[in-house]
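# A look at the structure
Each chain, written out:
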Amino acid sequence: MRLFGKLAICTSVFGLSRLLMVIFFVLLGFGLYGVIVGLITASLLGLATSMYLYPKPNNLDAGSLSYKQMISFALSVTISFSSITLIWNIDLLATKALLRDNVLVGLYTSATTLSRIPYEFLTVFAATVLPSIALAKSLEDLDLVKKYARQTLRYVLILVLPCSVIISICAERLILIFYSQEYQMAANSLSLLVWGYSFMGVFVIMISILNGLGKSGLSMVFASSLIPVSIILNIFLIPRYEILGAAAATTITALVGLSVAVAYLVLKQIVMINLKTFCRLCLASIAMTVVLSFSLHHSHSLSSFMITIVVSLVSYFLLLLITKEFSYEDYGVIKNIIFSSGGR
């Protein structure tokens, strides 16, 4: 269950080969077809690497799991994450179809790229929590299942909040740093959309918990049901608010999915929302927002901007330390989660 090092190798091979193969075939002059061939080649390389590194089925302790159950689980998980991938792109496709303005599409693409940073970070926890929950369930240790689920949710909130606050508050500055002045119109969309991808990241962790509990069919229903929600919201909001409407549609969709998944896990007493923890995190986030809002007016250079980011992060974690919401032990646990799924 805990083959995280091999998982990291497979993921790295796929990611690196995707970049290199696309560049290679495009340079050969295949154009758009080169991109498609490059992506297919990268997928095949990733598949070959995983087949080589992972043990063969006859060497695995499959217990009482039948091939029918494995196929059913794989199909449900595939549909779940395919639905999430589709939701990622519905807003952009709807923007292009409804507005028919390539400039706005380009602006929204820039906002989408930066807003996905928290989501990519949260996938580390999703990769860790599923096998942990599955192992605890196989041991029939419900207390351990609850411990893993609640601990993961708490650490996810502690880490995703400062990242999302920084990107949301500093959207204009980040657009200027990574793009140019011409992209400044995308700042408001980025400021909102980053919360959508943060919600989606936590949602993915919640359905990973469901998958670990053997509820892959339910996670599939939760994820796929968000597709019509996203479509309806985009059709309604984009004509009225343009790219800001697209950002709002994605954010609301992700929040709906997250709310449903969390509500189910709370009702089943798998996760628990601690009111004290929630209040402390809100207080630390507000303090961070105040520091950022005040300091941004006085940080004109890149170096002063980076110092502002550091100071705001220090204020956030310092307040959590003062309120005893975060400790050195928590730091050790988070470090182990990140590095164990990154290639231990």
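Residues numbered from 1 in each chain as written. Predicted model: local features only at pLDDT ≥ 70, side-chain atom pairs only at ≥ 80, totals over all residues. Heavy atoms only, no water.

## Focus: the side chain of serine 115
Rules: In this description a helix means any DSSP run of H or I spanning at least four residues, a strand means any run of E spanning at least two, and both kinds are numbered starting from the N terminus. Polar contact is the term for a pair of N or O atoms within 3.5 Å; when the atoms are in protein, one must be able to donate a hydrogen and the other to accept it, and sequence-neighboring residues count only if both atoms are side-chain atoms. Here, two residues are considered to be in contact whenever any of their heavy atoms come within 4.5 Å of each other.
Note that serine 115 resides in helix α3 (residues 102-115). Looking at serine 115, its side chain comes within polar contact range of the main-chain oxygen of threonine 112, at 2.9 Å. Residues contacting serine 115, with those up to four places away along its chain left out, are Leu190, Leu193, Val194 and Tyr197.

## Here's the deal with helix α11 (residues 302-322)
Note the following rule: Each helix should span, by expectation, one fewer than its residue count multiplied by 1.5 Å. Relative accessible area decides the class of each residue, using a 1.4 Å probe on protein chains only: under 20% of the type maximum gives buried, over 50% gives exposed, and in between gives partly exposed. Here, the arc refers to the directions that run from the helix axis to the C-beta atoms.
A rise of 1.5 Å per residue sets the reference length of α11, with its 21 residues, at 30 Å; its end C-alpha atoms lie 30 Å apart and thus fit the reference within 8%. Among the residues of α11, those classed as buried are Ser304, Phe305, Thr308, Ile309, Ser312, Ser315, Tyr316 and Leu320. The arc enclosing the buried residues of α11, seen along the axis, measures out at 160°, which places them on a common side. Within α11, the exposed residues directed more than 90 degrees away from the buried face are Ile307 and Ile322.

## Describing the nonpolar core
Our working rule: For this analysis, a nonpolar core means a set of buried residues of the types Ala, Val, Leu, Ile, Met, Phe, Trp, Tyr and Cys, connected via side-chain atoms within 4.5 Å.
Ranked by internal contacts, the top residues of the largest apolar core, which has 75 residues, are Ile84, Phe203, Met206 and Ile209. Broken down by element, the residue count for this core peaks at 14 residues, all from helix α7 (residues 187-212).

## Quick word on the state of the cysteines
Applied cut-off: The criterion for a disulfide is a pair of cysteine sulfur atoms lying within 2.5 Å.
Evaluation of the coordinates by the stated rule reveals zero disulfides. Distance from the sulfur of cysteine 279, which forms no disulfide, to the nearest cysteine sulfur (cysteine 282) is 6.5 Å. Relative accessible area serves as the criterion here: at 30%, cysteine 282 is assigned to the partly exposed category.

## Here we look at the packing of α3 against α7
Our working rule: A fitted line through C-alpha atoms serves as each axis, taken over the contacting stretch for helices, and the angle formed by two N-to-C directions is quoted from 0 to 180°. Between 65 and 115 degrees an angle is taken as roughly perpendicular, under 35 as roughly parallel, over 145 as roughly antiparallel, and anywhere else as oblique. Each helix crossing is assigned a hand: it is left-handed if the near helix lies turned anticlockwise from the far helix by less than a right angle, otherwise right-handed if that turn is clockwise. Amino acids outside the nonpolar list (Ala, Val, Leu, Ile, Met, Phe, Trp, Tyr, Cys, Pro) and the charged list (Asp, Glu, Lys, Arg) are all regarded as polar, and Gly is one of them.
α7 packs onto α3 with a crossing angle of 45° between their chain directions and a minimal axis gap of 9 Å. The orientation of α3 with respect to α7, classified from their angle, is oblique. Classified by chirality, the crossing of α7 by α3 is right-handed. Here Tyr108, Ala111, Thr112, Leu114 and Ser115 of α3 come into contact with α7, specifically with Ser189, Leu190, Leu193, Val194 and Tyr197. Taken together, the residues of the contact of α3 with α7 sort by class into seven nonpolar, three polar and no charged.

## Some details on a nonpolar patch on the surface
The condition that has to hold: Each patch is built from residues lacking any salt bridge and having more than 30% relative accessible area; the joining distance is 9 Å for like charges and 5 Å for nonpolar side chains (Val, Leu, Ile, Met, Phe, Trp, Tyr). Per-residue accessibility takes into account occlusion by the displayed protein chains alone, with areas from the Shrake-Rupley method and a 1.4 Å probe. Salt bridge, as used here, is a side-chain nitrogen of Lys or Arg placed within 4 Å of a carboxyl oxygen of Asp or Glu.
Among the surface-exposed residues, Phe24, Leu28, Phe30, Leu32, Tyr33, Ile36, Ile40, Leu44, Leu47 and Met51 lie close enough to one another that they form a single nonpolar patch of about 1,100 Å² accessible area. Inspection of the secondary structure puts leucine 44 in helix α1 (residues 4-53). Relative accessible area serves as the criterion here: at 54%, leucine 44 is assigned to the exposed category.

## Remarks on the pattern of salt bridges
For the structure shown, the criterion picks out two salt bridges. Here arginine 154 makes a salt bridge to glutamate 325, at a shortest N to O gap of 2.9 Å. Of this pair, arginine 154 sits in helix α5 (residues 142-169) while glutamate 325 sits in the loop between α11 and α12 (328-340); the two residues are 171 residues apart in sequence, bridging distant segments of the chain. The partly exposed category is assigned to arginine 154, whose relative accessible area is 22%. Taking relative accessible area as the criterion, glutamate 325 reaches 3% and is therefore assigned buried. A salt bridge links glutamate 325 to arginine 280, with the nearest nitrogen and oxygen atoms 2.9 Å apart. With glutamate 325 in the loop between α11 and α12 and arginine 280 in helix α10 (residues 275-296), the pair connects residues that are 45 residues apart, well separated along the chain. Under the relative-accessibility criterion, arginine 280 is labelled partly exposed at 27%. Linked by salt bridges that have partners in common, Arg154, Arg280 and Glu325 make up one network.

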